[in-house]
Number of protein chains: 2
Amino acid sequence: MSEAAELEIMAPEAAAIPVRDEDERLNRAFIEAIEAAIADEDQPKLSELAANLHEADTGDLLETLDAEERAAFIRLLGNDFDYTALTETDEAVRLQVLEDLPNEVIAEGLGDLDSDDAVYILEDLDEEDQAAILEELPYADRAQLKKALDYPEESAGRRMQSEFIAVAPFWTVGQTIDYMREARDLPDDFYEIYVVDPTFKLLGSVHLDKILRTKRDRKVTSIMSERLDAVEATEDQEEVARRFERYNLVSSAVVDENDRLVGVLTVDDIVDVIQEEAEEDLRALAGVGDEEISDSVMTIARSRFVWLVVNLGTAVLASVVIALFDETIEAMVALAVLMPIVASMGGNAGTQTMTVAVRGIATQELSARNMVRVLNREVLVSMLNGVALAFLIGITAWIWFQSPGLGVVIGAAIIINMLFAGLSGLLIPIILDKFNVDPAIASSVFVTTVTDVVGFFAFLGIAALWFGLPF
Amino acid sequence: MSEAAELEIMAPEAAAIPVRDEDERLNRAFIEAIEAAIADEDQPKLSELAANLHEADTGDLLETLDAEERAAFIRLLGNDFDYTALTETDEAVRLQVLEDLPNEVIAEGLGDLDSDDAVYILEDLDEEDQAAILEELPYADRAQLKKALDYPEESAGRRMQSEFIAVAPFWTVGQTIDYMREARDLPDDFYEIYVVDPTFKLLGSVHLDKILRTKRDRKVTSIMSERLDAVEATEDQEEVARRFERYNLVSSAVVDENDRLVGVLTVDDIVDVIQEEAEEDLRALAGVGDEEISDSVMTIARSRFVWLVVNLGTAVLASVVIALFDETIEAMVALAVLMPIVASMGGNAGTQTMTVAVRGIATQELSARNMVRVLNREVLVSMLNGVALAFLIGITAWIWFQSPGLGVVIGAAIIINMLFAGLSGLLIPIILDKFNVDPAIASSVFVTTVTDVVGFFAFLGIAALWFGLPF
């Protein structure tokens with residue numbers, strides 16, 4: 001074969017397609033090449049394009065493909081498909097893919113994974129499918145996964161991997177290194193090893209860098225860290241995430257109720273939790289659940305509807321307050337024109353304070369110790385901004401309706417409502433938290449109720465008194 | 001000495017105080033013990049209590065103490081104070097502490113830190129203080145920190161540590177391990193080492209676990225990973241964080257424009273960035289800047305005021321729309337009672353969609369490819385929820401005001417406003433993003449404007465037409 005001909009064969013045009021464009025989104029040309037290969041059932045081509053992708057890229061790719069293409073993609077890739085990719089997709093996509101694949105194929109795919117990834121994929125399936133897939137697994141894997149699935153949802157036990165390296169306290173650094181060189185079923189990535197007694201009770205941990213920096217003949221116990229902030233398997237993932245974040249952890253031992261080592265949590269799982277938790281507050285405050293871009297219309301409509309109906313209650317309550325003053329408004333229609341301003345300013349100010357309070361509670365920066373200081377500050381901020389806004393809006397109302405009295409009335413109402421906004425924005429989340437209600441979910445309904453009711457009542461009430469109008 | 005007497009001396013009551021209570025907040029008794037030791041200028045006592053704290057605990061403790069106590073705490077602890085703790089406090093607390101300490105004391109404290117921590121502490125100071133502190137540092141440290149500070153704010157270069165382990169490509173695993181056992185100035189924690197050519201051009205990286213699992217005589221190049229997704233020093237930290245998150249990285253090499261290794265980013269720095277970025281969206285949507293629990297009244301009032309004034313514009317615009325229909329309202333005051341419901345339902349629905357869209361854009365889950373699908377879905381969700389709400393509210397209005405016509409009018413207005421809410425909630429963030437405006441900051445003003453204006457206009461306009469009222 002001539003060199004030129006060989007080159008032609010060796011350099012298929014596709015090999016050069018970058019996976020991501022400069023915005024780090026999946027490259028359009030790459031997606032099209034994948035889709036073409038799927039359409040042509042071109043197995044070698046698809047393997048060439050996708051077999052060596054990082055699981056995260058494969059995950060994004062799956063999200064991008066159409067539902068039918070996903071199944072074909074996995075089928076064509078065969079053993080080249082890394083099931084870890086399913087941990088990197090939306091829940092909706094993952095469930096759809098799992099639905100389309102035969103249970104024995106899934107079981108085979110899961111067999112190669114670290115236990116935390118396998119659990120992640122299995123946990124959202126319904127019990128029946130879960131059982132059917134577990135049935136296909138070898139006994140040891142099945143027992144391990146079942147045990148992890150027995151821990152509560154969103155607990156450390158669900159997120160941990162059961163693969164870890166544990167050595168006896170009398171081992172030397174050299175023995176430990178030799179063991180790692182020989183052992184087969186090691187976890188994919190690990191950052192520390194653990195020292196346990198014969199009952200697997202955790203004695204300490206040793207970072208890999210410490211092992212590497214220590215002479216072979218030293219005992220592992222001499223370099224192990226005994227500061228045992230081990231995570232309990234039943235602990236909530238949010239608490240664990242906070243600890244990882246606070247203490248800059250990269251991995252942590254997980255122990256059962258008898259202090260026995262049962263698994264390891266690594267920061268990559270925790271990073272997802274940290275982001276989810278920060279995002280959960282954002283979504284909760286806006287009244288959207290954990291919906292995902294790929295969820296169905298009905299799922300989304302239903303979950304959002306609940307929130308809208310709750311808010312409808314608030315809105316109707318505000319209307320009832322307005323209705324108390326219907327004769328006042330009839331006598332002076334300018335009040336109807338201006339009243340939304342009072343409510344809306346209060347609502348915005350309340351949301352500002354509430355957002356800070358909700359995050360302060362979540363990150364524990366807001367505590368009993370600084371509450372009085374923060375409360376004083378909120379009152380001052382509300383007064384300052386209230387007076388400034390009252391001035392601005394008062395002048396506007398005066399000029400617009402040629403009525404200095406109206407300016408005074410709306411100014412006074414604004415100051416009152418801003419004060420209530422600041423107080424309720426801070427106190428409502430704190431009170432909800434005291435009663436163990438998630439402040440992110442419930443606060444904004446209460447805060448808007450306060451600012452709407454107080455806003456309309458103060459404005460229309462003061463106006464009725466000031467102008468001697470009927471009500 | 002009798003055994004009992006010895007025990008008495010050996011067991012000071014304070015030694016047993018746990019640092020955190022069961023809610024993982026700093027323990028009140030612990031804080032009080034610290035404060036007492038500061039008040040008594042009791043140096044040994046304070047060291048006993050605080051010298052071995054984790055830097056994160058010391059950071060939280062500093063935030064909790066009063067301003068005067070902080071300086072005394074650091075002065076009394078002396079060399080036992082770990083300046084890394086300053087990376088774990090609010091910016092306001094950090095600046096106050098640095099203000100109160102003499103520059104040469106700060107310089108001495110920074111000398112022991114990894115470069116990323118030192119940069120983190122220095123970067124918020126004004127140029128003059130920065131220069132004064134750098135002046136006090138030994139030449140090598142000064143040059144290193146200056147170089148890092150020259151990188152743009154929020155870039156990888158600012159977050160990286162300049163301490164790393166780099167070996168030549170011809171080294172064996174054994175040589176590398178021996179080198180690590182001997183070397184002195186190693187970074188505090190590291191997870192991989194790097195292979196560089198004589199010009200320090202990055203050739204590859206090797207995870208520590210791989211070194212430990214490999215026989216001593218193998219070349220490092222044979223186990224190094226060449227998948228070089230090294231971060232550029234000028235890259236924005238948010239982009240870098242996304243990459244860490246996507247690819248589950250624990251550390252990454254940082255290179256300059258010539259591909260030469262200049263530093264290492266570790267996941268603990270990136271975790272903070274990930275949380276900050278998710279929280280930034282939340283704060284931006286609510287119109288609060290990056291204020292912190294410890295900020296002053298004026299700082300907070302000012303930053304929130306801007307947002308309130310912008311929203312005042314929106315509110316006034318809504319009032320102008322209402323004013324167009326003042327005669328309509330005068331003729332039928334029930335309209336004034338009901339109109340906030342229409343605006344408020346639209347506002348809530350718009351916020352829901354907008355929140356999902358803003359996060360979808362930030363996490364790149366919402367892209368050109370799935371936009372049409374998401375748009376169709378939003379329209380459907382809006383219509384479904386719009387019709388359901390219209391029904392609920394229509395019936396309510398009918399019964400309340402004994403007017404079926406009013407029920408029809410408000411129902412129609414709700415459906416229209418919900419549709420506009422869904423469309424604007426999705427499209428406004430997308431359009432802002434296209435024009436490189438941060439959708440989190442600007443979206444909600446525009447969306448509320450749309451839902452207020454459309455809500456009032458649709459409701460009052462349809463009412464005027466339906467009932468033949470003046471306008």
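Here, every reference points to the structure presented above.
Described below are features of the structure shown in this document. Just so it is clear, the structure is predicted and the values come from calculations on it, not from any experiment.

**Remarks on the overall build of chain A**
When helices and strands are counted, chain A shows 22 helices and 6 strands. In terms of overall size, chain A is more extended than a compact globule, its C-alpha atoms giving a radius of gyration of 30 Å where 471 residues would be expected to give roughly 23 Å. Overall, chain A is about 95 × 60 × 45 Å in size when its C-alpha atoms are taken along their principal axes. Within the span of chain A, comprising 471 residues, buried residues form 56% of the whole. Taking all contacts inside chain A whose residues are at least 6 apart in sequence as the whole, residues at least 24 apart take part in 67%. Per element, the accessible surface of chain A, about 20,200 Å² overall, is 55% carbon and sulfur. Distance between charge centroids for chain A: 11 Å, based on 34 positive and 87 negative side chains.

**Observations regarding the sheet that holds strand β5 (residues 251–255) of chain B**
Residues and elements named next belong to chain B. Strand order in the open sheet formed by 3 strands is β4-β5-β6, and the pairing between neighbours is mixed. Lying at the two open borders of the sheet, with one neighbouring strand each, are β4 (231–232) and β6 (261–266). Direction of pairing for β5 relative to β6: antiparallel, over a ladder of 5 bridges. Across the sheet, Ser251 pairs through a bridge with Thr266, a residue of β6.

**Observations regarding the interface of chain A and chain B**
Of the residues lining the interface, 123 residues belong to chain A; the matching set on chain B comes to 123 residues. Across the interface of chain A and chain B, roughly 11,200 Å² is buried in total on both sides, 60% from carbon and sulfur atoms. When the buried area of chain A at its contact with chain B is split by residue, A:Leu212, A:Ile293 and A:Arg369 rank highest and sum to 8% of it. Where chain A meets chain B, there are 6 salt bridges. Residues A:Lys215 and B:Glu182 are paired through a salt bridge, measuring 3.2 Å at the closest nitrogen-oxygen approach. Among the elements that line the side of chain A that touches chain B, the one with the most residues is helix α17 (residues 297–324) of chain A, at 17 residues. Across the side of chain A that touches chain B, the residue classes tally to 60 nonpolar, 21 polar and 42 charged.

**A word on the sheet that holds strand β1 (residues 166–167) of chain B**
Residues and elements named next belong to chain B. The mixed open sheet is built from 3 strands, whose spatial order is β1-β2-β3. At either end of the open sheet lies a strand with only one pairing partner, and these are β1 and β3 (202–207). Pairing of strand β2 (residues 192–196) with β3, which is carried by 5 bridges, proceeds in the antiparallel orientation. Directly across from Val196, in β3, lies its bridge partner Leu202.

**Notes on helix α9 (residues 127–136) of chain B**
All names here are of chain B. Those residues of α9 lying buried are Gln130, Ile133 and Leu134. One face of α9 carries all of its buried residues, which in axial projection span an arc of 100°. Pointing more than 90 degrees away from the buried face of α9 are the exposed residues Glu128 and Glu135. Contact partners of the buried residues in α9: α7 (103–111), α8 (115–122) and α10 (139–150).

**Let's talk about the side chain of B:Glu88**
Its location among the elements puts B:Glu88 in the loop between α5 (67–77) and α6 (91–100). Separated by 3.3 Å, the side chains of B:Glu88 and A:Asn248 make a polar contact. Apart from the residues lying within four places of it in its own chain, the contact partners of B:Glu88 are A:Arg246, A:Asn248, B:Glu55, B:Ala56, B:Gly59, B:Asp60 and B:Glu63.

**Details of the side chain of A:Arg20**
Residue position: A:Arg20 is located in the loop between α1 (3–10) and α2 (28–39). At 2.8 Å, the side chain of A:Arg20 forms a polar contact with the side chain of A:Asp57. Looking at A:Arg20, its side chain comes within polar contact range of the side chain of B:Tyr247, at 3.2 Å.

**Topic: the environment of A:Leu465**
By the element assignment, A:Leu465 lies in helix α22 (residues 439–467). Classification of A:Leu465 by relative accessible area gives exposed; the value is 65%.

**A word on the pairing of β6(B)**
Burial of β6(B) is extensive: 6 of the 6 residues sit out of reach of the surface. Hairpin connection between β5(B) and β6(B): a loop of 5 residues separates the two successive antiparallel strands, and B:Asp259 in this loop has a positive phi of roughly 70°.

**Examining the pattern of salt bridges**
For side chains of opposite charge, pairing can occur when their charged atoms come near one another. Tallying each qualifying case throughout the model produces 32 salt bridges over all chains. Between A:Arg260 and A:Asp256 there is a salt bridge, with the nearest N and O atoms lying 3.2 Å from each other. According to the relative accessible area criterion, A:Arg260 is partly exposed, its value standing at 34%. Among the ionic contacts, a cluster of salt bridges with common partners joins A:Arg20, A:Asp57, A:Asp60 and B:Arg246.

Conventions used here
- Residues numbered from 1 in each chain as written.
- Chains lettered and ligands numbered in written order.
- Predicted model: local features only at pLDDT ≥ 70, side-chain atom pairs only at ≥ 80, totals over all residues.
- Heavy atoms only, no water.
- Helix = DSSP H or I, 4+ residues; strand = E, 2+ residues; numbered from the N terminus.
- Rg over C-alpha atoms; globule rule 2.2 N^0.38 Å.
- Buried < 20%, exposed > 50% of the residue type's maximum accessible area, 1.4 Å probe, protein only.
- Contact = heavy atoms within 4.5 Å.
- Areas by Shrake-Rupley, 256 points an atom, 1.4 Å probe, with all protein chains shown as cover.
- Lys, Arg positive; Asp, Glu negative; His and termini not counted.
- Charge placed at Lys NZ, Arg CZ, Asp CG, Glu CD.
- Pairing = 2+ DSSP bridges.
- Buried area = accessible area lost by both parts, 1.4 Å probe.
- Salt bridge = Lys/Arg side-chain N within 4 Å of Asp/Glu carboxyl O.
- Nonpolar A, V, L, I, M, F, W, Y, C, P; charged D, E, K, R; others polar.
- Arc of directions from axis to C-beta.
- Polar contact = N/O pair within 3.5 Å; in protein donor to acceptor, adjacent residues only side chain to side chain.

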